[in-house]
Amino acid sequence: MSENTTPTGPITQTDLDEITTVAELASSQYRVVSSRALCRSGAVLRIGNDYRQAALALIQAAGYTARVVANSIVVTGAVDRLTLLEAQLTELTAQRDALVDARRASELEDAAFVPTLAPEGAR
């Protein structure tokens, strides 16, 4: 994933339930996860080949660190929420600063082209 991905500690049963729910979104008609288990490094989900890549993409998009290993998806961590929020804040601050700079440049440009009126006698 990104540089903001850090393990958040052991994946809990609640995490496993969420990961499974997300993986199941890979198909609206068929059950996708045939088995699942918590393990020392996180969680393992057995998913059929037809939906494995879609399920992997969904799990990663939900913020989990995951990869395919031997016909299964192994989930080893989630994005630390504080780190994610800090990254989003940094990105939003950069966007805001760019807009402020663009506005100032536009205002300076407009001020430079304000027509000056000639004195009354010069016409």
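Summarised in this report is the structure supplied together with it. Because the structure is a prediction, the values reported are computed rather than measured.

This part is about the sheet that holds strand E2 (residues 42–47). Read across the open sheet, the four strands follow the order E1-E2-E4-E3; overall the sheet is antiparallel. The two strands at the open ends of the sheet, each matched to only one other strand, are strand E1 (33–39) and strand E3 (64–69). When the angles between neighbouring strand axes are averaged without regard to direction, this sheet yields 20°. Sheet contacts for helix H2 (residues 49–61): E2, E3 and strand E4 (72–78); angle to E3, the most-contacted strand, approximately 160°.

Further remarks concern the pattern of salt bridges. On inspection of all chains with the given rule, the structure shows two salt bridges. A salt bridge links Arg36 to Asp17; the nearest nitrogen and oxygen atoms lie 3.0 Å apart. A residue pair is termed long-range when its members are at least 10 positions apart, and Arg36 in strand E1 and Asp17 in helix H1 (residues 13–24) qualify at 19 residues. For Asp17, a relative accessible area of 34% puts it in the partly exposed group. Arg96 is paired through a salt bridge with Asp97; the nearest N and O atoms lie 3.1 Å apart.

Calculation notes
Residues numbered from 1 in each chain as written. Predicted model: local features only at pLDDT ≥ 70, side-chain atom pairs only at ≥ 80, totals over all residues. Heavy atoms only, no water. Pairing = 2+ DSSP bridges. Helix = DSSP H or I, 4+ residues; strand = E, 2+ residues; numbered from the N terminus. Axes fitted to C-alpha atoms, helices over the stretch in contact; angles between N-to-C directions. Contact = heavy atoms within 4.5 Å. Salt bridge = Lys/Arg side-chain N within 4 Å of Asp/Glu carboxyl O. Buried < 20%, exposed > 50% of the residue type's maximum accessible area, 1.4 Å probe, protein only.

All we've got here are geometric facts, nothing functional implied.
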